[in-house]
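Chain residues, written in single-letter form:
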Amino acid sequence: AQKITQTQPGMFVQEKEAVTLDCTYDTSDPSYGLFWYKQPSSGEMIFLIYQGSYDQQNATEGRYSLNFQKARKSANLVISASQLGDSAMYFCAMGLNTGTASKLTFGTGTRLQVTL
Amino acid sequence: GAGVSQSPSNKVTEKGKDVELRCDPISGHTALYWYRQRLGQGLEFLIYFQGNSAPDKSGLPSDRFSAERTGESVSTLTIQRTQQEDSAVYLCASSTRQGYGSNEQFFGPGTRLTVL
């Protein structure tokens, strides 16, 4: 079974600063993918970034980067130059790369508040 | 192009009644997923469909829950004899790629179900 753990229920960051949201995972499958989604107060789920278990380099997408430490089974999200619009819930999720469509297992989320 | 759509956006029902929730995936997406999100919590996987394969129903919480999908298009999630604990946002997602590589799931806006 897969498990995602997000230990930070809430985080505060000042505008223009960087922030790291923690995520650890547990799986016995060697092939998997890690995802981060953003959920603003409107409720939509917005895909941010993906990291495959065999990817050699850490994923980056604009101001988002994923600090992937495979041996430690961690996949922390780093948001650089925070903006007020980054205030939202952030979910880490994992899917298995089994050759078929894969359900996602989600963590409990971290609520990020960006302050002036 | 059009994203994933869900209807209704809100549903209020009385305990014991049956409800049907509808999801229209992105055209061409072969995989379709249903998740449930209780207030303040992460997403729980319910069921997914992949092409003509048998659906993965492993996340359905009880036999009161069922879902159907017509080909690679519309899906309906049915909850029979609703209970108050069924109150949640039901999210549908679809994806196009199978297995290896990014299997980004695109989410609909959700249906907020309230059981009185």
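Residues numbered from 1 in each chain as written. Chains lettered and ligands numbered in written order. Predicted model: local features only at pLDDT ≥ 70, side-chain atom pairs only at ≥ 80, totals over all residues. Heavy atoms only, no water.

K.L.:
Teacher, can you tell me more about the nonpolar core here?
P.N.:
Across soluble globular proteins, you tend to see nonpolar side chains buried next to one another. Ranked by size, the top nonpolar core spans 25 residues in total, and within it Leu 34, Trp 36, Ile 49, Leu 77 and Tyr 90 of chain A carry the most contacts. Those elements giving two or more residues to this core turn out to be β3 (19-21), β5 (32-39), β6 (46-52), β8 (64-69), β9 (74-79), β10 (88-96) and β12 (110-115) of chain A. The element that contributes the greatest number of residues to this core is β10 of chain A, accounting for five residues. The contacts of Ile 49 of chain A, once residues within four sequence positions are left out, are Leu 34, Phe 35, Trp 36, Ala 59, Thr 60, Glu 61, Tyr 64, Ser 65, Leu 66 and Leu 77 of chain A. Residues Leu 32, Trp 34, Phe 65 and Tyr 90 of chain B belong to the second largest nonpolar core, which totals 20 residues. (Core = buried A, V, L, I, M, F, W, Y, C linked by side-chain atoms within 4.5 Å. Buried < 20%, exposed > 50% of the residue type's maximum accessible area, 1.4 Å probe, protein only. Helix = DSSP H or I, 4+ residues; strand = E, 2+ residues; numbered from the N terminus. Contact = heavy atoms within 4.5 Å.)

K.L.:
So what exactly am I meant to see when it comes to the environment of Ser 42 of chain A here?
P.N.:
All names here are of chain A. Tracing the backbone shows Ser 42 in the loop between β5 and β6. You can call Ser 42 exposed: its relative accessible area is 52%. For the pair Ser 42 and Ala 88, spaced 46 residues apart in the sequence, the C-alpha separation amounts to 9.4 Å. A polar contact of 2.7 Å, which involves the side chain of Ser 42, links it to the side chain of Glu 44. (Polar contact = N/O pair within 3.5 Å; in protein donor to acceptor, adjacent residues only side chain to side chain.)

K.L.:
When you look at the side chain of Gln 37 of chain B in this model, what are you seeing that I'm missing?
P.N.:
With respect to the helices and strands, the residue Gln 37 of chain B is situated in strand β4 (residues 31-37). Among the polar contacts listed, one links the side chain of Gln 37 of chain B to the backbone oxygen of Gln 41 of chain B, at a separation of 2.9 Å. Setting aside chain neighbours within four positions, we find Gln 37 of chain B in contact with Gln 39 and Phe 91 of chain A together with Gly 42, Leu 43, Ala 88, Val 89 and Leu 91 of chain B.

K.L.:
Where do I start with the packing of aromatic side chains in this structure?
P.N.:
What characterises a pair of aromatic rings is the spacing of the ring centres plus the angle enclosed by the ring planes. As enumerated under the stated definition, the model contains 15 aromatic pairs over all chains in all. Each ring, one from Tyr 25 of chain A and one from Tyr 32 of chain A, has its centre 5.1 Å from the other, and the planes form 55°; the classification is tilted. By the burial criterion, Tyr 25 of chain A is buried, and Tyr 32 of chain A matches it. Judged by centre distance (5.3 Å) and plane angle (85°), the rings of Tyr 37 of chain A and Phe 107 of chain B are edge-to-face. (Phe/Tyr/Trp six-rings, centres within 6.5 Å; stacked < 30°, edge-to-face > 60°.)

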